[in-house]
Structures are given as C-alpha cells and as structure tokens.
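The primary structure of each chain is shown beneath.
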Amino acid sequence: MTYRPLADEIRPTTLDEVVGQGHILGQNGLLRRIIEGGSTPNLLFYGPSGTGKTTVANLIAQRTNRALRRINATTGSLSDIKDVIADVGTMLAPNGILLYLDEIQYFNKKQQQSLLEVIERGDVTLIASTTENPYFYVYNAVLSRSTVFEFKPVTAEEILPAIRRGIRFMENRLAGEARCEPGVEEAVAAACGGDVRKALNAVELLMNAAQRRDGVLTVTLEDTRIAAQRSAMRYDRAGDDHYDILSALQKSIRGSDPDAGLHYLARLLEAGDLISACRRLMVIAAEDVGLAYPQAVPIVKGCIDAANMLGLPEAQIPLAEAVVLMATAPKSNSACAAIKRAMADVRAGKTGDYPRHLQNIHADSAGLEREQGYLYPHDFPNHYVKQQYLPDPLVGVRYYEYGENKTEQAAKRYWDAILGEEENS
C-alpha cells in the first residue's frame, strides 16, 4: 500500500472543512461565493505554506468538474504547460482543465508570459500560488488578468480541529486509542506557526512514536515539545519574511514598544540572522532615535561590536540592551527628514555654484584666503559669524527643523540666543 502523509489523507473535501481563511472562505466570503457560483476566473493565491492554497484549488477543480493538472514552477518548464494544453478537449479532460501552478515566482518573465495563452483560453483556468508578494514577483500582464486572494497564517485556535481530526485518523490507522497528556494539542497548534500541514506532520510523528500499552497510544507533552521545537519559525532570508521581520522590529522600536522590539529581535536571532539584526539596529539608532538622544549611535555600535565578538547565543544580551535602550529613548527623525529634503533638491537639479568664499584655495596663492571673502568663524564671538553658505539658487532654503525634544530644543535655545545677539549688534 502506497504511503500518503497524514496531511494528504485528511485533506478537506468541502469548504467547511478548510481551517482558517474566514475572510475569504467564510459564509459570506468573496472567494467562497465565486467557488459556489461555479464559474471560476483565473486566480492567484498568495500566502505562507500550509494555509490551504492547494486544498482550495482541489475543491475548485471538483466544483467545476475540470481535470486538475499541477505544475511546480521550481521544476516545471514551458513544455509542461504545452502538454497540459494538449490535453484540452481529449478524453483526459473533456470539460476543460484547471491548471494549478505552484510557486509561480520561480518562473522567469518569459515563462510567465507564456501563461497568457493559458489565461486567455476559456477551456483552461489558471490558479497560480506564491509564498511571495505577487506584486513584486509576478509579471504584470499575468497579474492584471488574475484575481488575487491572500491566504493568511492560521491561528492556533483555528488549527485545533484539524489536529483533533488528525489524531482520530491516526487512531484508526494504528488501531489504537490515543491518550494525549493535557496541553499536547495546544502545544502542537502553537508551535506550527500557522502552518496546518506542519501541525499534521507533528501529529503523525507523535502518534507513530507514541508508547503503546494495552492498545493505548500515549502522547506526552515532553515528546511534543521536542518534536515541535523551532517549528513555529517562518523565516526566509531571501523572501518577504526577512523584510517583514526587520520592518516590524524597526516600527516597534520607533513606536517605543520594548516588548515587541524584543520579540522581533528574538525571531531574527532564533533564525541565526545576526548580521541583519545588527545592521537594522544601527539604522534605527540614526533614523528614529536620532538627535533626541545622539549618544544612542555610539552606544548601539558598542552593543553591536560586543554581539559580533561574542557570537550567538550570547550576542542576544547586548542586542537586547540596544533594543530596550532605543525603545525607551526619546525619538527624533529631524536629521533623517532633513537629509531626505536635501537629497530631493539635489536630484531635482537644484544646486548652483559653490559660493566663492567657500571654495578650496588650492588654485590661489597661499595666504589669499581672506581675499575670497571667507570669514573664519573661530575668530568671532561664540565662534559664529553670519555669511552665505548655500549656493545662490538655494539661499533661504531650510531642510532641518528642530525636533520637539529636550536635546534639540536646548540646541535651538542656544542658537536663538546667539542669532539674537548677532541681530542686535
């Protein structure tokens, strides 16, 4: 008898059995209404693994009475697509074909363009799936001819019914009664990271490894913790998860939430991505804490140096200190905003010649700098003297605005006083 994984054995046969995705498959969900209507357009499913994309494609094929053909873009080719089209109208597919193209992001532009012939046929329906953002990875002509639905990670609570169904199935397969210690089902649900397939794989492993005594299969919490360790991590250094975690880390610290900041740092470190964590923490120190607490830059740099010297796992300690320090520090993006405004002017061609008195005197005779008209600020009271620094076309432009924090407001008061003295002199 051919072995089939538990996740395939108990794959849902109706929409009501699909766990999660209530936003599109609930009683009034748009995708549910499309499927039940019987006329399915070309679709693009976007979301993490194990959230029901393939299952829903199977259900659509059954509902429309079309032959289901699957191609995985990681190994598929143009010839595979041509072979699918060749079956249309034959005894293999008398009512047409539903082509399920998994991981479409692995098709290059030419391969994706070849799908246009499929999309525009009435007897072939394309359902493509991807774990990456389709607006970045799918060719625009394909995207514009498809309806995109996002599949979201399934919550632990939503996964519990599937876990219990898996346990019941394994009882029949193993001819024994399952006896799970309290908390086993919840531990599996929490550890799978929203991936139903991963949860069912854990159930299958635990049931196969359960100790049997008098027809009773005992599943312990300790075995569950060992089987599920690290499995809740969703992370791909080359994919969306990488940038999502970094974005969540920065926005949490910017929002002054040390707990959320520590959570996302922990996810990065658990995935072993020390480099990305260090780089993003330096960005946060300069961009978000900024001039409100300028000491943050050297302090965070010191934490990062210590982390790289220690390596993981000890690196988590100085990096955690950096996260907490910045999350609880005053914030200012004044310098960041100022340089963005300056860069925008430069890119727009708003430049002009350097004022003569600011130019380097390498082409002039020694000792003639004063003839350029340059006033040396250190020769004046408060080490300041009024003179033009911006090019003529930009005179009067202001890029930097003082932030509303103690440090920058202290600097503002200092310069307001000096400039006031200058005007009154």
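As shown above, the structure is provided for reference.
The text that follows walks through the structure, step by step, so that each part is easy to find. This is a predicted model, so every value here is computed, not measured. (Residues numbered from 1 in each chain as written. Predicted model: local features only at pLDDT ≥ 70, side-chain atom pairs only at ≥ 80, totals over all residues. Heavy atoms only, no water.)

1. Some words on the overall build of the chain
Our working rule: Here a strand is any run of E in DSSP of at least two residues, a helix any run of H or I of at least four, and the numbering for each starts at the N terminus. Both definitions apply: the radius of gyration is a C-alpha atom measure, and the globule rule equals 2.2 Å times residues to the power 0.38. Each residue gets one of three labels from its accessible area relative to the maximum for its type: buried under 20%, exposed over 50%, partly exposed in between, using a 1.4 Å probe on protein chains only. Calculation of accessible area relied on Shrake-Rupley with a 1.4 Å probe; when residues are assessed, cover is drawn exclusively from the protein chains displayed. His is not counted, nor are the chain ends; Lys and Arg add positive charge and Asp and Glu add negative charge. Charged side chains are reduced to one point each, which is NZ for Lys, CZ for Arg, CG for Asp and CD for Glu.
Looking only at helices and strands, one finds 19 helices and 8 strands in the chain. Taken over the C-alpha trace, the chain has a radius of gyration of 31 Å; the compact-globule value for 425 residues is 22 Å, which it surpasses by more than 25%. C-alpha extents for the chain along the principal axes are approximately 95 × 55 × 40 Å. Within the chain, the proportion of its 425 residues that are buried is 43%. Total accessible area on the chain stands at roughly 23500 Å², and carbon and sulfur atoms take up 52% of it. Taking the average location of the 46 positive side-chain charges in the chain and that of its 54 negative ones, the two points are 4 Å from each other.

2. Re the pattern of salt bridges
The following threshold applies: Any Lys or Arg side-chain nitrogen found within 4 Å of a carboxyl oxygen on Asp or Glu counts as a salt bridge.
Under the counting rule described, the total for this entry stands at 12 salt bridges. The closest approach of N and O atoms between Arg254 and Glu287, which form a salt bridge, is 3.5 Å. One end of the pair, Arg254, is in helix α13 (residues 240-254); the other, Glu287, is in helix α15 (residues 274-289), and 33 residues separate them in sequence. Owing to a relative accessible area of 36%, Arg254 belongs among the partly exposed residues under this scheme.

3. Some thoughts on the packing of aromatic side chains
Rules: Two rings from Phe, Tyr or Trp (for Trp, the six-membered ring) form a pair when their centres are within 6.5 Å of each other. A pair whose planes differ by under 30 degrees is stacked, one over 60 is edge-to-face, and the rest are tilted.
Per the counting criterion, the structure on display carries 4 aromatic pairs. Ring geometry for Tyr384 against Trp415: centres 5.7 Å apart, planes inclined by 70 degrees, an arrangement best described as edge-to-face. Taken as a pair, Tyr384 in the loop between α18 (334-347) and α19 (406-424) and Trp415 in helix α19 lie far apart in primary sequence, 31 residues in all. Exposure remark for Trp415: the relative accessible area of 30% places this residue in the partly exposed category. When the centroid spacing of 5.1 Å and the interplanar angle of 70 degrees are considered together, the rings of Tyr400 and Tyr402 count as edge-to-face. Residue Tyr400 is classed as partly exposed on the basis of its relative accessible area of 28%.

4. Some words on the nonpolar core
Rule in force here: Each nonpolar core is a collection of buried residues, namely Ala, Val, Leu, Ile, Met, Phe, Trp, Tyr and Cys, held together in the definition by side-chain atoms within 4.5 Å. Throughout, a residue-residue contact means that at least one pair of heavy atoms, one from each residue, lies within 4.5 Å.
Residues Ile159, Ile163, Val188, Val196, Val203 and Met207 are the most contacted members of the largest nonpolar core, which totals 27 residues. Elements represented by at least two residues in this core include exactly α1 (6-9), α9 (156-174), α10 (184-191), α11 (196-209) and β8 (216-219). Sort the elements by how many residues they give to this core and α11 lands first, with 7 residues. If near-sequence neighbours (up to four positions away) are discounted, Ile159 is found in contact with Val154, Ala189, Cys192, Gly194, Asp195, Val196 and Ala199.

5. Considerations on unusual backbone geometry
Of note, the amide linkage connecting Leu312 to Pro313 takes the cis form, showing an omega dihedral of 10 degrees. Despite not being glycine, Gln21 has its phi angle at roughly 60 degrees, a positive value. Summarising the element assignment, Gln21 is placed in the loop between α1 and α2 (22-25). Its identity as a non-glycine residue notwithstanding, Asn65 has a phi of 60 degrees, on the positive side. Looking at the secondary structure, you find Asn65 in the loop between α4 (53-64) and β2 (67-72).

6. Notes on helix α14 (residues 258-270)
Let me state the cut-off plainly: A helix is expected to span 1.5 Å multiplied by its residue count minus one. In protein, a polar contact means a hydrogen-donor-capable atom and an acceptor-capable atom, both N or O and within 3.5 Å, with residues adjacent in sequence counting only if both atoms are side-chain atoms; elsewhere, any N or O pair within 3.5 Å suffices.
The end-to-end C-alpha separation of α14 is 18 Å, in line with the 18 Å expected for 13 residues at 1.5 Å each. All buried positions along α14 are accounted for by Ala260, Gly261, Leu265, Leu268 and Leu269. In this structure Asp257 caps α14, since a side-chain oxygen of it lies 3.1 Å from the backbone nitrogen of Asp259. Within two residues after α14, Gly272 carries a phi angle of roughly 80 degrees, on the positive side.

7. A word on the state of the cysteines
For clarity, the threshold we go by: Cysteine sulfur atoms are paired as a disulfide whenever they fall within 2.5 Å.
Applying the stated criterion across every chain, the model contains 0 disulfides. We note that Cys180 lacks a disulfide partner, and the nearest cysteine sulfur, in Cys192, lies 15 Å from it. The class for Cys180 is partly exposed, based on a relative accessible area of 27%.

8. Remarks on the sheet that holds strand β6 (residues 177-180)
As a reminder of what qualifies: In this analysis, strands are considered paired if DSSP registers two or more bridges between them. Structural elements are reduced to axes, namely lines fitted to C-alpha atoms, with helices fitted over the stretch in contact, and the angle between N-to-C directions of any two is expressed from 0 to 180 degrees.
With respect to topology, 3 strands assemble into an open sheet ordered β6-β8-β7, the strand pairing being mixed. Each edge of the sheet is formed by a strand with only one pairing partner; in this case those strands are β6 and β7 (211-213). In this sheet, adjacent strand axes meet at a mean angle of 30 degrees when their direction is disregarded. Examined bridge by bridge, β6 and β8 share 4 bridges and lie parallel to one another. Following the sheet pairing, Cys180 is matched in β8 by Val219. Contacting β6, β7 and β8, α9 crosses the sheet at an angle of about 135 degrees to β6.

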